[in-house]
Amino acid sequence: MSGPASDMIGAIDHVRLRVADLDEAAERWARQFGLTERAREPGRVALSCDDEPKALELVPGEPGLEHVGYRLRRGWSLEDAAARLRAHGVEYTEVDGELAFRDPEGHGVRLVPYRKQEWVQHARPADRQPVGHPRKLGHVNFLTADIQGQVDFYTAVLGMRVTDWLGDDGVWLYVNSDHHVLAFINKGYAHLHHLAFEVIDIGQMRAALDHLGRHGRWVAWGPTRHGVGGNIASYVRITEEPLFVELYCDMEQLEPDHEARRWPDNRFSSNTWGSLPPRSYFRFDEQAIESERESAELLVGVPG
């Protein structure tokens, strides 16, 4: 084992979602978000953004999150990670060469062996994807009913570090130079809110949003410029699987000696360009989705 516990996780590796129809979902995610199918076997399809072997895995089942996979840092073996989990009393199993367990709110977590990321630096032949590929899976964000408990688990057990707090009800955690790999917003219940794909710049984001609009998708919030994290972001509602996809670029890159900050819980911390998200943004029920689809919150008007 090399380095302290805070060095255990090197990056996010993949998100696995359960889907109602595997073939339909695989085709939809590839066509709408420019993902590439990397592997297919009975009961599983693996998709990637650009050069990864996978960023998104789809398996059949009740639509929702199956797990988030995090890749170990170089120098950490699965045996090292297992010892760390045992030391904290975390029950785990080994599945397909990965360590599988659950966080305090029941979300599935996988620890994946280290592998070197091979980025292709040269130009490649054009393919038939209409919007280009996202660069990578960048982070996930959860709603939570126990924000401090989740922070304690992911920092003490998995060695993540706190980047920023938004008042007392939002927290971002990092494992490398990216501002965050994981975030929690205190909303009184546990739910995967969004997974995030990094795009090159706002020009690629525009092309992607135009493309998604042709497929009946809508932007629930954005484009925004977050104060916390600094990234430009747009949030697209996915109704088939109850979550959002964030397309983002321009994420803050942290210095090696970064110290956690506490931001005021105001509009500028969330969006330096404009408004806060609609109330439906933190809900996944049919009433909220229909309200958001029709922009009902905006059509009410301003009193007086």
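Residues numbered from 1 in each chain as written. Predicted model: local features only at pLDDT ≥ 70, side-chain atom pairs only at ≥ 80, totals over all residues. Heavy atoms only, no water.

1. Describing the overall build of the protein chain
For step 1, the next point in the chain: Across its full length, the protein chain holds seven helices and 17 strands.
For step 2, the next point in the chain: Here the C-alpha radius of gyration of the protein chain, 19 Å, is about what a compact globule of 304 residues would show, namely 19 Å.
For step 3, the next point in the chain: Across its three principal axes, the protein chain shows a C-alpha extent of roughly 60 × 45 × 40 Å.
For step 4, the next point in the chain: Long-range contacts, defined here as pairs at least 24 residues apart, represent 68% of the contacts in the protein chain between residues at least 6 apart.
For step 5, the next point in the chain: Here the protein chain has roughly 14000 Å² of accessible surface; of this, 50% comes from carbon and sulfur atoms.
For step 6, the next point in the chain: Across the protein chain, the mean location of the 34 positive side-chain charges is 3 Å away from that of the 48 negative side-chain charges. (Helix = DSSP H or I, 4+ residues; strand = E, 2+ residues; numbered from the N terminus. Rg over C-alpha atoms; globule rule 2.2 N^0.38 Å. Contact = heavy atoms within 4.5 Å. Areas by Shrake-Rupley, 256 points an atom, 1.4 Å probe, with all protein chains shown as cover. Lys, Arg positive; Asp, Glu negative; His and termini not counted. Charge placed at Lys NZ, Arg CZ, Asp CG, Glu CD.)

2. Comments concerning the side chain of Arg71
For step 1, the next point in the chain: Relative to the assigned elements, Arg71 resides in strand S5 (residues 64-72).
For step 2, the next point in the chain: A relative accessible area of 10% places Arg71 in the buried class.
For step 3, the next point in the chain: Side-chain polar atoms of Arg71 contact the side chain of Asp13, separated by 3.0 Å.
For step 4, the next point in the chain: Aside from chain neighbours lying at most four places away, what touches Arg71 is Met8, Ile9, Gly10, Ala11, Ile12, Asp13, Val112, Pro113, Tyr114, Arg115 and Gln117. (Buried < 20%, exposed > 50% of the residue type's maximum accessible area, 1.4 Å probe, protein only. Polar contact = N/O pair within 3.5 Å; in protein donor to acceptor, adjacent residues only side chain to side chain.)

3. Some words on unusual backbone geometry
For step 1, the next point in the chain: With an omega dihedral of -5°, the bond running from Gly222 to Pro223 counts as a cis peptide bond.
For step 2, the next point in the chain: Note on placement: Pro223 falls in strand S14 (residues 219-225).
For step 3, the next point in the chain: With phi around 70°, Asp250 is a residue other than glycine that occupies positive phi space.
For step 4, the next point in the chain: Inspection of the secondary structure puts Asp250 in the loop between strand S16 (243-249) and strand S17 (261-263).
For step 5, the next point in the chain: Classification of Asp250 by relative accessible area gives partly exposed; the value is 47%.
For step 6, the next point in the chain: In this structure, Ser295 takes a positive phi of about 55° despite not being glycine.
For step 7, the next point in the chain: Along the chain, Ser295 falls in the loop between helix H6 (286-293) and helix H7 (296-299).

4. A few points about H6
For step 1, the next point in the chain: Within H6, burial applies to Ala288, Ile289 and Glu292. End-on view of H6: buried residues confined to an arc of 100°, all on one side of the axis. Projecting away from the buried face of H6 at angles above 90 degrees are the exposed residues Glu286 and Gln287.
For step 2, the next point in the chain: Packed against the buried residues of H6 are S14, strand S15 (232-238) and S16.
For step 3, the next point in the chain: Two residues or fewer after H6 comes Ser295, characterised by a positive phi angle close to 55°. (Arc of directions from axis to C-beta.)

5. Things to note about the packing of aromatic side chains
For step 1, the next point in the chain: As enumerated under the stated definition, the model contains twelve aromatic pairs in all.
For step 2, the next point in the chain: Among the aromatic side chains, those forming a connected cluster through ring pairs are Trp221, Tyr235, Phe244, Tyr281, Phe282 and Phe284.
For step 3, the next point in the chain: The ring of Phe282 is capped by Lys187, whose NZ or CZ atom sits 4.2 Å from the centre of that ring.
For step 4, the next point in the chain: Between the NZ or CZ atom of Arg267 and the centre of the ring of Phe268, over which it lies, the distance is 3.9 Å. (Phe/Tyr/Trp six-rings, centres within 6.5 Å; stacked < 30°, edge-to-face > 60°. Lys NZ or Arg CZ within 6 Å of the ring centre and 35° of its normal.)

6. Digging into the nonpolar core
For step 1, the next point in the chain: Trp29, Tyr70 and Leu111 are the most contacted members of the largest nonpolar core, which has 65 residues in total.
For step 2, the next point in the chain: Membership of the second largest hydrophobic core comes to 17 residues, among which are Trp221, Ala233, Tyr248 and Phe284. (Core = buried A, V, L, I, M, F, W, Y, C linked by side-chain atoms within 4.5 Å.)

7. A look at the pattern of salt bridges
For step 1, the next point in the chain: Scanning all chains against the criterion turns up 28 salt bridges.
For step 2, the next point in the chain: Here Glu57 ties to Arg44 by a salt bridge, and the two come within 2.6 Å at their closest N and O atoms. Taken together, the residues span a long stretch of sequence, with Glu57 in strand S4 (residues 56-60) and Arg44 in strand S3 (residues 44-48) at a distance of 13 residues. Of the two residues, Glu57 and Arg44, neither departs from the other in class, the shared state being buried. (Salt bridge = Lys/Arg side-chain N within 4 Å of Asp/Glu carboxyl O.)

8. Notes on the sheet that holds S16
Note on sheets: strands pair through backbone hydrogen bonds, and any given pair is parallel or antiparallel.
For step 1, the next point in the chain: Spatially, S14-S15-S16-S13-S9-S12-S11-S10-S17 is the arrangement adopted by the nine strands of the open sheet, whose pairing is mixed. Taken across any chain shown, the strands that pair with only one partner, and hence form the sheet edges, are S14 and S17. The average angle at which neighbouring strand axes cross in this sheet is 20°, direction not considered.
For step 2, the next point in the chain: Bridge count between strand S11 (residues 170-174) and strand S12 (residues 182-186): four bridges; the pairing is antiparallel. Of the residues in S12, the one forming a bridge with Val171 is Phe184. (Pairing = 2+ DSSP bridges. Axes fitted to C-alpha atoms, helices over the stretch in contact; angles between N-to-C directions.)

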